[in-house]
Amino acid sequence: MAQKLLGTWDLGARDRPAYQLVVNWRPCAMCYGAVLWSGVRSLVIAGHGPELEALTGFDEGPIHPQWDHELRRRGIEVVSNVQTAQALEVFREFADSGAVVYNGRGGNPGTPTG
Ligand SMILES: [Zn+2]
């Protein structure tokens, strides 16, 4: 949405301010790539542990074990543990609401094969 609003695909261009993305938890597999290539200079999250998936049933997908290191290595600052308790409360409220959990396999994260 920021790219569309600003009319550019490169949020990290030299003539741009250092954009920061603030989201509720560690990026999922899809969003991780978007963060990596968007050009944002920093990522602020409430946490990065297993709590989100445990509380909500979301499948965040496979994430590189050194995901935050890989972002920092590319000049993207990672700030974690911002308002963690508040985020966890929102996840609990979501789980209690009975809302649909977005998961292409109906909540089954799958089993390893081979
Ligand atoms: Zn995502």
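Computed from a predicted model, the values in this text were never measured in an experiment.

Visitor: What is the right way to read the environment of Glu70 from this model?
Guide: Looking at the element boundaries, Glu70 is found in helix α4 (residues 67-73). Distance in space between the C-alpha atoms of Glu70 and Leu36 is 8.8 Å, their sequence separation being 34 residues. Each residue touching Glu70, except ones within four places of it in the same chain, is listed here: Tyr32 and His64.

Visitor: How should I be thinking about the sheet that holds strand β2 (residues 42-44) in this particular structure?
Guide: Through backbone hydrogen bonds, the strands of a sheet pair up, either in parallel or in antiparallel fashion. The parallel open sheet is built from three strands, whose spatial order is β1-β2-β3. Whereas interior strands pair on both sides, the edge strands pair on one side only; in this sheet they are β1 (20-22) and β3 (77-79). Here the strands of the sheet are splayed against their neighbours by 15° on average, with no regard to which way each runs. Relative to β2, β1 runs parallel, the two sharing three bridges.

Visitor: Could you clarify how one ought to interpret the environment of Val101 in this entry?
Guide: Here Val101 shows up in the segment after α5 (84-97). With 43 residues separating them along the chain, Val101 and Phe58 place their C-alpha atoms 6.2 Å apart. Filtering out sequence-adjacent residues up to four positions away, Val101 remains in contact with Thr56, Gly57, Phe58 and Phe94.

Visitor: Quick question: what am I supposed to make of the pattern of salt bridges here?
Guide: Close approach of charged atoms lets side chains of opposite charge pair. Overall, the coordinates contain four salt bridges when judged by the stated rule. A salt bridge links Asp68 to Arg72; its shortest N-O distance comes to 3.2 Å. On the criterion of helical spacing, the pair formed by Asp68 and Arg72 is a turn pair, its members being four residues apart in helix α4. The exposure class assigned to Asp68 is partly exposed, which follows from its relative accessible area of 25%. We classify Arg72 as partly exposed; its relative accessible area is 43%. Between Glu89 and Arg92 there is a salt bridge, with its nearest N and O atoms 3.6 Å apart.

Visitor: Quick question: what am I supposed to make of the packing of aromatic side chains here?
Guide: Think of a pair of aromatic rings as described by two things: how far the centres are apart, and how the planes are tilted against each other in angle. In this structure the tally under the stated criterion is two aromatic pairs. Ring geometry for Trp25 against Phe91: centres 5.5 Å apart, planes inclined by 80°, an arrangement best described as edge-to-face. With Trp25 in the loop between β1 and α2 (29-38) and Phe91 in helix α5, the pair connects residues that are 66 residues apart, well separated along the chain. Taken individually, Trp25 and Phe91 each receive the classification buried, so the pair is uniform in this respect. On the basis of an interplanar angle of 25° and a centroid distance of 5.4 Å, the ring pair of Phe58 and Phe94 is categorised as stacked. With Phe58 in the loop between α3 (51-56) and α4 and Phe94 in helix α5, this pair connects stretches of sequence that are 36 residues apart.

Visitor: What's the story with the side chain of Arg26 in this structure? I'm lost.
Guide: As for its position among the elements, Arg26 is in the loop between β1 and α2. Put simply, Arg26 is tucked away with no salt bridge, and the nearest opposite charge, on Glu53, sits 4.5 Å away. Once residues within four sequence positions are removed from consideration, Arg26 is found in contact with Ile45, Gly47, His48, Glu60, Ile63 and Trp67.

What counts and how
- Residues numbered from 1 in each chain as written.
- Predicted model: local features only at pLDDT ≥ 70, side-chain atom pairs only at ≥ 80, totals over all residues.
- Heavy atoms only, no water.
- Helix = DSSP H or I, 4+ residues; strand = E, 2+ residues; numbered from the N terminus.
- Contact = heavy atoms within 4.5 Å.
- Pairing = 2+ DSSP bridges.
- Axes fitted to C-alpha atoms, helices over the stretch in contact; angles between N-to-C directions.
- Salt bridge = Lys/Arg side-chain N within 4 Å of Asp/Glu carboxyl O.
- Buried < 20%, exposed > 50% of the residue type's maximum accessible area, 1.4 Å probe, protein only.
- Phe/Tyr/Trp six-rings, centres within 6.5 Å; stacked < 30°, edge-to-face > 60°.
- Lys, Arg positive; Asp, Glu negative; His and termini not counted.

Nothing here speaks to function; it is all geometry.
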